[in-house]
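# Summary of structural features
Chain by chain, the residues run as shown.
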Amino acid sequence: MSAPFRVALSSDFRKADGSPVYPDFDLEPLRKAPNVEFAYLEPRNPVEAEQLKDFDALILLGRRFTKDSIHPNSRLAVVARFGVGYDTVDVEACTRAGIALVITPDGVRRPVAVSIITFILALSGKLIDKDRLTREAAAGFARRGEYMGMGLIGRTLGSIGIGNIGAELFRLIKPFEMKLIAHDPYADPKLAAELGVELVGLEEVFRRSDFVSVSCPLTPETRGLVNAERIALMKPTAYLINTARGPVVDQKALTEALKERRIAGAGLDVLEKEPPDPDDPILKLDNVIFAPHALCWTDQCFAGSGAADIHAVLDVQHGREPRVIVNRDVLESAAWKNRLAGFRKRFAG
Ligand SMILES: NC(=O)c1ccc[n+]([C@@H]2O[C@H](COP(=O)([O-])OP(=O)(O)OC[C@H]3O[C@@H](n4cnc5c(N)ncnc54)[C@H](O)[C@@H]3O)[C@@H](O)[C@H]2O)c1
């Protein structure tokens, strides 16, 4: 009987008392899988190589995985990110070491698209202001006429990025009868046409949109993409929504624009620094709705992402290629091929 396939779970899945932080992440399929063992790592950030020396797979939540997280014994075969953002992972180092990086687009597609719509509806309906007015009783009711919302029919929704989440946003927003535009240098024009989305230049998204939503990854190319010049192109009645990654937006420039009411407001699930400093001036603004990088967190989001990660890890255990690999170059690496062939021999028979 060969040694079991060993899966590490990053420490942030578990509370200090040992109970799971996210009970919707169902570990039963791992527990029941033949020839599989799993264990939580001790809290280290980034994950340390020594912690991983006895593991074949890592399911990674918020911890960083750098080149120094890779043990020279070449045992680790797969890093399965819980979610789709992988700016916390050194992808090139993984590829060099023959480690596949997988993500869970099926788990987050609907929940994040719903978060963007939540922001659109809350901002356009002035939900937070009206909550406050109601709590002020008669004085608040007397001022409700000052808080007219924005109807959505015929208004323009522009997305920066029309990938997994951007496309789902456009699918879900259809009945609201908005005009749909997007900028994405790698867009599939056929998909855009099917969704009724006009592909436009980057500046045009800022100029034309009533809601600019950011759904691109954080890369060297997209860092600071929403900058002062582009924010200056927005209509004074327009809103910015960011559910992607904070540093895609120049937060200082956005804070200034919001403070001076050069745009109407913003919905931000992500910030440049998380958690933010308590005295960050953006937190003082009343025309922003925030969420702590968690608006998409639902029972279904966690169940879906967890199931997808476990599926990917068990694929590797059986010597099968997982479905959603970020670093597809790894498939050509001898180290990866050898490990996969070894797992096939040990576990797929
Ligand atoms: N807030 C959250 O909790 C949360 C959850 C999941 C994902 N995210 C973020 O959302 C991002 C998008 O997720 P996804 O699943 O749609 O990813 P995806 O890779 O399927 O789609 C991203 C799209 O952005 C496009 N893109 C790349 N560079 C661009 C550029 N310079 N300008 C415009 N578009 C560009 C890509 O071509 C792609 O179509 C992730 O990278 C992640 O950072 C956030």
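Shown above is the structure to which this text applies.
The notes below deal with the structure included here. (Residues numbered from 1 in each chain as written. Predicted model: local features only at pLDDT ≥ 70, side-chain atom pairs only at ≥ 80, totals over all residues. Heavy atoms only, no water.)

### Things to note about the environment of Asn-338
Topologically, Asn-338 is positioned in helix H12 (residues 334-347). For Asn-338 and Gly-98, which are 240 residues apart along the polypeptide, the C-alpha to C-alpha distance reads 9.4 Å. (Helix = DSSP H or I, 4+ residues; strand = E, 2+ residues; numbered from the N terminus.)

### Observations concerning the sheet that holds strand E7 (residues 179-183)
Taken together, the 7 strands give an open sheet; going across it, the order is E8-E7-E6-E9-E10-E11-E12, and neighbouring strands pair in parallel fashion. Pairing within the sheet leaves two strands with one partner each, and these edge strands are strand E8 (198-199) and strand E12 (288-290). (Pairing = 2+ DSSP bridges.)

### Let's talk about the site of the ligand
Around the ligand, a shell composed of 25 residues is seen, among which Asn-164, Ile-165, Asp-184, Thr-243 and Asp-269 lie nearest. The separation between a nitrogen atom of the ligand and a polar main-chain atom of Thr-243 is 2.8 Å. Within the side chain of Asp-269, an N or O atom sits 2.8 Å from a nitrogen atom of the ligand. Across the complex, the protein chains shield 85% of the 860 Å² of accessible surface that the ligand would expose by itself. Looking at side-chain class alone, the shell around the ligand contains 12 nonpolar, 9 polar and 4 charged residues. (Near = heavy atom within 4 Å. Polar contact = N/O pair within 3.5 Å; in protein donor to acceptor, adjacent residues only side chain to side chain. Areas by Shrake-Rupley, 256 points an atom, 1.4 Å probe, with all protein chains shown as cover. Nonpolar A, V, L, I, M, F, W, Y, C, P; charged D, E, K, R; others polar.)

### Description of the sheet that holds strand E2 (residues 36-40)
Spatial ordering of the open sheet is given by E2-E1-E3-E4-E5, a layout of 5 strands whose pairing is parallel. A single partner strand is all that each edge strand has here, and the edge strands are E2 and strand E5 (100-102). Averaged over all adjacent pairs, the angle separating strand axes in this sheet is 20°, with direction ignored. Strand direction decides the pairing type here: strand E1 (residues 5-9) and strand E3 (residues 57-60), joined by 3 bridges, are parallel. Note that in E3 the partner of Val-7 across the bridge is Ala-57. (Axes fitted to C-alpha atoms, helices over the stretch in contact; angles between N-to-C directions.)

### Considerations on the side chain of Asp-280
Take Asp-280: it is sitting in the loop between strand E11 (265-268) and E12. This buried residue, Asp-280, is left without a salt bridge; Lys-284 holds the nearest opposite charge, at 7.4 Å. Here Ile-282 takes part through its backbone nitrogen, which lies 3.0 Å from a polar atom of the side chain of Asp-280. (Buried < 20%, exposed > 50% of the residue type's maximum accessible area, 1.4 Å probe, protein only. Lys, Arg positive; Asp, Glu negative; His and termini not counted. Salt bridge = Lys/Arg side-chain N within 4 Å of Asp/Glu carboxyl O.)

### Examining the nonpolar core
Core analysis: the biggest nonpolar cluster contains 64 residues, and Phe-5, Ile-59, Ile-120, Leu-157, Ile-162 and Phe-211 have the highest contact counts within it. Listed in part, the 30 residues of the second largest apolar core include Leu-218, Leu-258, Ile-282 and Val-288. (Core = buried A, V, L, I, M, F, W, Y, C linked by side-chain atoms within 4.5 Å.)

### Quick word on the pairing of strand E4 (residues 78-81)
Side-chain alternation along E4 places Val-78 and Ala-80 on one buried face and Val-79 and Arg-81 on a second face that is also buried. Here 4 bridges tie E3 to E4, and the two strands are oriented parallel to one another. Each residue of the ladder has a partner; that of Leu-58, found in E4, is Val-79. Direction of pairing for E4 relative to E5: parallel, over a ladder of 3 bridges. Across the sheet, Val-79 pairs through a bridge with Leu-101, a residue of E5. A crossover connection joins E4 to the parallel E5 through helix H2 (residues 91-96); in handedness this β-α-β unit is right-handed. (Right-handed = clockwise from strand over helix to strand, strands pointing away.)

### Brief notes about the pairing of E1
Among the 5 residues that make up E1, 5 are buried, leaving the element largely enclosed by the rest of the structure. Here E1 shows a buried face lined by Phe-5, Val-7 and Leu-9 and a second buried face lined by Arg-6 and Ala-8. Examined bridge by bridge, E1 and E2 share 5 bridges and lie parallel to one another. Looking at the pairing, Phe-5 lines up with Val-36 of E2.

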